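Chain residues, written in single-letter form:
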Amino acid sequence: MIGAIGKLLILVGFVATALSGLAYYRAAQLETGSNDWRRVGRGAWSVMVVGLFIAYGFLFYLSLTHQFEYAYVYEHTARDLGLKYLISANWAGQEGSFMLWIVLNGLVGWSVMRWAREYEAPAMAVIALCQVFLLSMVAGLDLGLFKLGASPFQLLSEKFPNAPMLAAGLVPEDGQGLNDLLQNYWMVIHPPTLFMGFASMIVPFAFAVAALWKKRYTQWVRPALPWALFSTMILGIGIAMGGYWAYETLSFGGYWAWDPVENSSLVPWIIGIAAIHTMIVQKRSGRSQKAALFLNILAYMLVIYSTFLTRSGILGDISVHSFVDLGLYNQLLIWILAMGVVGFGLLAFRYKELPTPKHEPEMLSREFMIFAGALLLCAVALVVILGTSAPIIGRIFRDNPSSVPIAFYNQWTLPLTVVFTFLAGLGQLFWWRKMSLDSVNRVLTRPIVLAVVGTVLVLMLTPFVEQSAVPAALAAAGVPESVLSAGLGDFWSVYGQGLLLLLLLFVSFFALFGNAEVLIRITRGNPKLAGGALSHVGLAIMILGIIASSGFSGAIGQGAGVRIGDSRDNFVLERGQTLGVDGYTVTYNGRDESNETRPEYLLDFVDPEGRAFSVSPVVYKSNKDQWIQHPDVTRFLEKDIFVAVSPNIMLGVDSSEDGGTITLARGDSATVGSNAYSVRFVDYQLDHDGSDPADGEVAVGAILDVTDRATGEIIRVTPVYRIDAERRVQVEAESLEEWNLTFAFTAMNVDSGTIDIAITGVRTAPADWVVVQAYEKPMISLVWLGIILLSLGFVVSIIRRQQEQRYAFLRATD
């Protein structure tokens, strides 16, 4: 019954939104008598918002009460989920997250009604059009020729009509549960924040369309600017939350992996930043009208495009973040095309009417610097969106296209980031209109000197030179002749990335000190004007943190461990063992199985400074037979220690059984049988039995010294590896009956120079051991500090711009 009411409320909301949009369209068209249509639009919109709130509340109720007859509840919840995960499950799936977006869009619409004033009617007509498309995604209507959306209130029996148990009315006792990687407290707050960013990004878009529609080409910026600042700030915070979530939850040791779905939310944020800067230029100097309109339209178009990438199923095999395909491909594509026609079509139609400045800005002016920075941000966004869209573009040429490598993004975004970070330092230092060379020299001297000092100190006190592949001789301003003789191209291929990192380090310091100087000066006068400088300070600190935590990140036990994937940056510990690794002392204390389903692996560390700390990474096998690793992070002021483990059971090594295989190089030793015996590979022995092998045969013995560690007794054995004339392998084992051990020479590894020895009678590995992957993340706290300051700068700017808008309205009504 509740599900049927929920479906009905969604359909009522769909109709009410369409009515609201038509009423607002009519109100925007009329010069007189528009208030009646505006009241209809407001009423219909409110009916939709209240109805969708109730419907979404019903979905929460179904999840909290375990109504597994509903497909969404069955697929995303389970009885053993805690309250916070039962709540967050309501935006874990496609239908639920669309409902969240719709509800937030409704709240945004109410806010526009409250504060948009003369722009209410045209802006709300645009917002209602977008809301109609969103509601169509959850309508769940079967119209015969096609289905419109997927309802969150669909019954399991409706989704799987051929399942005999469901057809008989049987309801599953339990659900499939929430994806294990989503069972994190960030799941409770990250998606709502991100979707609030998506929902609020529609407002600058709606204002831009309204400006083109009503021919208010310059007036729209003042009321739209607070919304542009708010939406970009919230979206940025949501992205940062996702990065921190990945850092805490996933085992790759980073906060950004250039995943296509991550990128698809990053690009609208970058374009949103560029749009804000062009709006500021337009408001201050009357220039950049076309750029401001274009970028605000583009930012929301990219939000819709990111939705298409995430939800159409096109990235299903490439991104870990993509949703299951619910057949919404065509609907999403129509949404993109429709909004593109509304936004870009209207811009093209009005383009010749848009104001054109009489004079272009002077190069030595803040207008030029801001506009150039916006262009560079657009170039960065273009690189990212091209890489993200590679799977779509690749489908033209092949059936299973792959995503571009991470190196693509690093190679192309790094030089662009260097330049726009430098401009971020210049922009606040330069004046509006024009500056003389003398004034330029005066304002730049102190920040440049401080940036040089900061860069030199980093080169002297950190391993930047070694880590960034900039040779010491080059850092000292002397380039080896061999490099010069090889040509500039070869030189750049070797040292180019390192030199760009060095430049990025310098310009980040320049942006930090330049904006800090401006911030101090403004704060003494009028702190309300400090938002831009504060955000730029945060940006510089964030980039410095990225350079330090990524460029200087180092594995503890680098190259010393076992091969996992393509890396040996780890070390192995048995339970109870203490090991010294790269100045750290590490002890593995075993598993804490108080939580039976999610055991913690307990390790004690003492760092090179003598600070003791403990970590408890979690590793378990999910109910979907997938191994899940949750790292643990210990934070110090100057670094984080990131620790993930891979236990022997995860690696497929059952150490509870006797026997196994050890790999030895000549002269190597290994202990087996819980350290009871030591096996040393002495050398090879040809013709070990004194007889000549038959023609075409090869017989090689492995001379092994086996030591009883308790008594010190040594016995030599020589198992044989034989290849006969027909190239068949014969393994001749040798037994030590007094110790009940058997040794077999099973393989020769020519490339590594090692041999494999199979042993029966004892365990070849301890019963409980882990592969530890531990990393130092220097100054990673600067990343989070920079994001906080960046966001605070947005808050200051939002307050200032909202006050300006209110004062302008009061003056207009006096």
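What counts and how
Each chain carries its own residue numbering, running from 1 in the written order of its sequence. Under the rules for a predicted model, residues below a pLDDT of 70 receive no local features and side-chain atom pairs below 80 are neither given nor counted, while totals for whole chains, interfaces and linings still include all residues. Note: side-chain values were computed over all heavy atoms of the structure, leaving out hydrogens and water. In this analysis, a patch consists of residues with relative accessible area above 30% that form no salt bridge, clustered at 9 Å for like charges and at 5 Å for the nonpolar side chains Val, Leu, Ile, Met, Phe, Trp and Tyr. Only the protein chains shown count as covering a residue, and every accessible area follows the Shrake-Rupley method with a 1.4 Å probe. When a carboxyl oxygen of Asp or Glu is within 4 Å of a side-chain nitrogen of Lys or Arg, the pair counts as a salt bridge. To qualify as a helix, a DSSP run of H or I must reach at least 4 residues; to qualify as a strand, a run of E must reach at least 2; elements of each kind are numbered from the N terminus. The length a helix should cover is 1.5 Å for every residue beyond the first. Residue exposure (1.4 Å probe, protein chains only): buried if accessible area is under 20% of the type maximum, exposed if over 50%, otherwise partly exposed. Strands are treated as partners if at least two bridges between them are detected by DSSP. Throughout, an axis means a line fitted to C-alpha atoms (over the contacting stretch in the case of helices), and angles, computed between N-to-C directions, take values from 0 to 180 degrees. Here a cavity denotes grid points, spaced 1 Å and computed from the protein atoms alone, that fit a 1.4 Å probe unable to get out, and a pocket denotes an open set having protein on both sides within 12 Å along at least 5 of 7 lines; residues with an atom within 4 Å of a point are the lining. Grid points are joined across faces, edges and corners, and a volume is the space filled by probe spheres set on the points. Polarity classes work like this: nonpolar for Ala, Val, Leu, Ile, Met, Phe, Trp, Tyr, Cys and Pro, charged for Asp, Glu, Lys and Arg, and polar for all others, with Gly in that last group. What pLDDT expresses is the predictor's confidence in each residue, scored from 0 to 100. Any pair of residues with heavy atoms lying within 4.5 Å of one another is described as a contacting pair. Between rings of Phe, Tyr and Trp, where Trp is taken as its six-membered ring, a pair exists when centres lie within 6.5 Å; planes separated by under 30 degrees are stacked, by over 60 edge-to-face, and by other angles tilted. Charge over a ring is defined by NZ of Lys or CZ of Arg lying within 6 Å of the ring centre and within 35 degrees of the ring normal. By nonpolar core is meant a set of buried Ala, Val, Leu, Ile, Met, Phe, Trp, Tyr and Cys residues that side-chain atoms within 4.5 Å join together. Note on angle classes: values under 35 degrees are labelled roughly parallel, values over 145 roughly antiparallel, values of 65 to 115 roughly perpendicular, and the remainder oblique. Note on convention: the crossing is left-handed when the near helix lies turned anticlockwise from the far helix by less than a right angle, right-handed when the turn is clockwise.

There is a patch of nonpolar side chains on the surface, built from Ile448, Val449, Val452, Val453, Val456, Leu457, Met460 and Leu461 and spanning about 710 Å² of accessible area. Assignment of secondary structure puts leucine 461 in helix H18 (residues 437-461).

What follows is about helix H6 (residues 120-136). End to end, H6 covers 24 Å across 17 residues, agreeing with the expected 24 Å (1.5 Å per residue, within 8%). Counting buried residues in H6 gives 16 out of 17 residues, a clear majority hidden from the surface.

Where strands meet in a sheet, backbone hydrogen bonds hold them as pairs that are either parallel or antiparallel. What the four strands build is an open sheet, ordered E13-E22-E21-E20; its pairing is antiparallel. Only two strands of the sheet have a single partner each, and these edge strands are strand E13 (660-665) and strand E20 (734-736). For this sheet the average axis-to-axis angle between neighbouring strands, irrespective of direction, equals 30°. Sheet topology note: the E13/strand E22 (residues 754-760) ladder contains six bridges and is antiparallel. Bridge assignment links threonine 663 to a residue of E22, and that residue is aspartate 756.

Attention now moves to empty space enclosed by the protein. Under the defined criterion, the tally for this structure stands at one cavity of 30 Å³ or more. The space that makes up the largest cavity amounts to roughly 50 Å³. Lining the largest cavity we find Met201, Pro204, Phe205, Ala228, Ser231, Thr232, Gly272, Ala275, Asn296 and Ala299. For the lining of the largest cavity, the secondary structure elements donating two or more residues are helix H10 (202-214), helix H11 (221-249), helix H12 (260-285) and helix H13 (289-311). The greatest single-element share of the lining of the largest cavity, amounting to three residues, is contributed by H11. Of the residues belonging to the lining of the largest cavity, the class tally is six nonpolar, four polar and no charged.

All right, on to the confidence of the model for the protein then. Chain-level pLDDT for the protein is 85 on average; 86% of the residues reach the 70-or-more range. Throughout residues 472-479 the model reports pLDDT below 50, and contacts reaching past four residues in sequence, or to other chains, amount to eleven contacts.

This part covers the packing of aromatic side chains. Scanning the entire structure with this criterion turns up 33 aromatic pairs. On the numbers, 5.5 Å between centres and 75° between planes, the contact of phenylalanine 613 with phenylalanine 636 is edge-to-face. Separated by 23 residues along the polypeptide, phenylalanine 613 in strand E8 (residues 612-615) and phenylalanine 636 in the loop between strand E11 (632-635) and strand E12 (639-647) bring together distant segments of the chain. By relative accessible area, phenylalanine 636 is classed as buried at 18%. By way of ring pairs, the aromatic residues Tyr185, Trp186, Tyr244, Tyr247, Tyr255, Phe642, Tyr775 and Trp784 are connected into one cluster. The ring of tyrosine 119 has arginine 216 lying over it, and the distance from NZ or CZ to the ring centre is 5.0 Å. Looking at arginine 611, its charged tip hangs above the ring of phenylalanine 636, at a distance of 4.0 Å from the centre.

Attention now goes to the environment of alanine 338. Mapping alanine 338 onto the fold places it in helix H14 (residues 329-350). Assessed through its relative accessible area of 22%, alanine 338 is described here as partly exposed. Sequence separation of alanine 338 and leucine 129 is 209 residues, and the distance between their C-alpha atoms is 9.5 Å.

Let us now look at the nonpolar core. Membership of the largest hydrophobic core comes to 186 residues, with the highest contact counts inside it found for Trp101, Val112, Trp220, Tyr300 and Trp335. With sequence-adjacent residues up to four places away left out, tryptophan 220 is seen in contact with Tyr119, Pro204, Phe207, Ala208, Ala211, Met279, Gln282, Ala292, Leu293 and Asn296. Counting 24 residues, the second largest nonpolar core, distinct from the first, contains Leu704, Val706, Ile759 and Val762.

This paragraph deals with the packing of helix H9 (residues 186-200) against H11. Contact geometry for H9 and H11: axes closest at 8 Å, N-to-C directions at 150°. Regarding the angle of H9 to H11, the classification is roughly antiparallel. The interaxial crossing formed by H9 with H11 has left-handed handedness. Each of Trp186, Met187, Ile189, His190, Thr193, Leu194, Met196, Gly197, Phe198 and Ser200 in H9 lies in contact with H11, whose residues at this interface are Phe230, Ser231, Ile234, Leu235, Ile237, Gly238, Ile239, Met241, Gly242, Tyr244, Trp245 and Glu248. Here the contact of H9 with H11 is composed, by residue class, of 14 nonpolar, seven polar and one charged.

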